[in-house]
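Residue strings, one per chain:
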Amino acid sequence: MSTENLPQSPEQPSRKPRVAVVFGGRSSEHGISVVTAGAVLRAIDRTKYDVLPIGITRDGRWALTADEPERMAITDRRTPTVEELAESQEGGVVLPVDPANREVVYSEPGSVPKALGEVDVVFPVLHGPYGEDGTLQGLLELSGVPYVGSGVLASAVGQDKEYMKRVFTSFGLRVGPYVVIRPREWQLDESAARKKIVDFAGEHGWPLFVKPARAGSSIGITKVDDLAGLDEAIAEAQSHDPKILVEAALRGREIECGVLEFEDGPRASVPAEIPPPETHAYYDFEAKYIDSTPGIVPAPLTEEETAEVRRLAVDAFEAASCEGLVRADFFLTEDGHFVINEINTLPGFTPISMYPAMWQASGIAYPELVDRLIQAALRRPTGLR
């Protein structure tokens, strides 16, 4: 029988991919994560994607927040919080735990849960523990939801500076001298743990940098010029992470390079140089985000140095099995060697952050950068890959 004259069902319009931007979190980098989310929300092409902002409060509640990026900015030297943006102080957002169902649900006490629709990809802009360290990535893998950035292993390696350095060393990348004090060492014999640091200083000299082993945005880091400042620096680092890392000071220039995943693999941006801040002892949190110490983009390097640091940045990306994006931080020492200090698998994405600035100088503007990251996540399956 011919079907030519039968009524045809109208074609359903295709749905735009829905992007859940997840931000805030339980780490000490909560405020900077909110600022980053504001920049990402402003940049996402709303003609191409639907957007669902989800904030995680400092106590871990997943909150539905207003899509108002103008409220997510540093004002009066103060960073915003998810608590200020949440539509309710009690309601919670729940991700699916069934890979066959990507529908997000919102519920408040005493009310019927409300379906918010399916999420096609998550754009996490969480920094630090409980978000950047593989914990959120593991949850999304269980849920079967694609996400921007590295997977569980690379995220965990990128968060823990000790194991990051161990991985880099095993792949032949040059790292600076360091020593680690684990919480058990400190608890069992505080004097012996402190002596371990003092002996390290005797071998490599002062100053030292004492930092949390699993934090970022230069939070909790202290430059220690002599023995008198050591205990206070240890206490500050331990207030953010019971495991601390102590690094010898490297004399040289601070060079950064961005890595972005393209269809044919990772590529490096032009590098940037971080000049010594005039009003800070080093490039700390306030120099980065409050006083906005500007970087030099592109870095004034020779062609050979530029090619070398770009190659090393991609090597670091591959060594840690990263995906999506990475900012790789180096020192160019006085003897002409690049020493990798660390990578950041979810680098700062604020309007003044170095990662987008380096790609802007490489020909990829902020909105295109955000789009490329979303597209890379949508191309990539969850699970083993």
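Quick caveat: nothing in here was measured; it's all calculated off a predicted structure.

Undergrad: For the side chain of His127, give the residues involved together with the corresponding values.
TA: As for its placement among the helices and strands, His127 is situated in the loop between strand S7 (121-124) and helix H3 (135-143). With relative accessibility at 4%, the residue His127 sits in the buried group. Among the polar contacts listed, one links the side chain of His127 to the side chain of Thr36, at a separation of 3.4 Å.

Undergrad: Please set out the packing of aromatic side chains residue by residue, giving values where relevant.
TA: For the structure shown, the criterion picks out five aromatic pairs. Ring centres of Phe262 and Trp359 lie 6.0 Å apart, and the angle between their planes is 50°; on these two criteria the pair is classed as tilted. Linking Phe262 in strand S12 (residues 252-262) with Trp359 in helix H11 (residues 354-361), this pair joins segments that are 97 residues apart in sequence. Phe262 gets classed as buried once you look at its relative accessible area, which sits at 8%.

Undergrad: For the packing of helix H7 (residues 190-204) against helix H8 (residues 230-238), give the residues involved together with the corresponding values.
TA: Viewed as axis vectors pointing N to C, H7 and H8 meet at an angle of 115°, and their least axial separation amounts to 12 Å. The orientation of H7 with respect to H8, classified from their angle, is roughly perpendicular. With respect to the hand of their crossing, H7 and H8 are arranged in right-handed fashion. Residue-level inspection shows Arg194, Ile197 and Val198 of H7 in contact with H8, the latter providing Leu230, Asp231 and Ile234. In terms of residue class, the contact of H7 with H8 is made up of four nonpolar, no polar and two charged.

Undergrad: Could you give an account of unusual backbone geometry, naming the residues involved and the relevant values?
TA: A cis geometry characterises the amide bond from Trp206 onward to Pro207, with omega recorded as 0°. Position of Pro207 relative to the elements: it lies in the loop between H7 and strand S9 (208-212). Omega for the peptide link from Val297 to Pro298 comes to -5°, which places this bond in the cis form. In this model, Arg77 sits at a positive phi of 65°, which is unusual for a non-glycine residue.

Undergrad: Before we move on, could you go through the packing of helix H1 (residues 30-43) against helix H12 (residues 366-379) and cite the residues and values that matter?
TA: Following both chains from N to C, one finds H1 and H12 inclined at 95°, their axes separated by 9 Å at the closest point. The pairing of H1 with H12 is recorded here as roughly perpendicular in orientation. Each of Thr36, Ala39, Val40 and Ala43 in H1 lies in contact with H12, whose residues at this interface are Tyr366, Pro367 and Val370. Looking at the contact of H1 with H12, its residues break down into six nonpolar, one polar and no charged.

About the thresholds
Residues numbered from 1 in each chain as written. Predicted model: local features only at pLDDT ≥ 70, side-chain atom pairs only at ≥ 80, totals over all residues. Heavy atoms only, no water. Helix = DSSP H or I, 4+ residues; strand = E, 2+ residues; numbered from the N terminus. Buried < 20%, exposed > 50% of the residue type's maximum accessible area, 1.4 Å probe, protein only. Polar contact = N/O pair within 3.5 Å; in protein donor to acceptor, adjacent residues only side chain to side chain. Phe/Tyr/Trp six-rings, centres within 6.5 Å; stacked < 30°, edge-to-face > 60°. Axes fitted to C-alpha atoms, helices over the stretch in contact; angles between N-to-C directions. Parallel < 35°, antiparallel > 145°, perpendicular 65-115°, else oblique. Left-handed = near helix turned anticlockwise from the far one by under 90°. Contact = heavy atoms within 4.5 Å. Nonpolar A, V, L, I, M, F, W, Y, C, P; charged D, E, K, R; others polar.

Function cannot be read off these values alone, since they describe shape.
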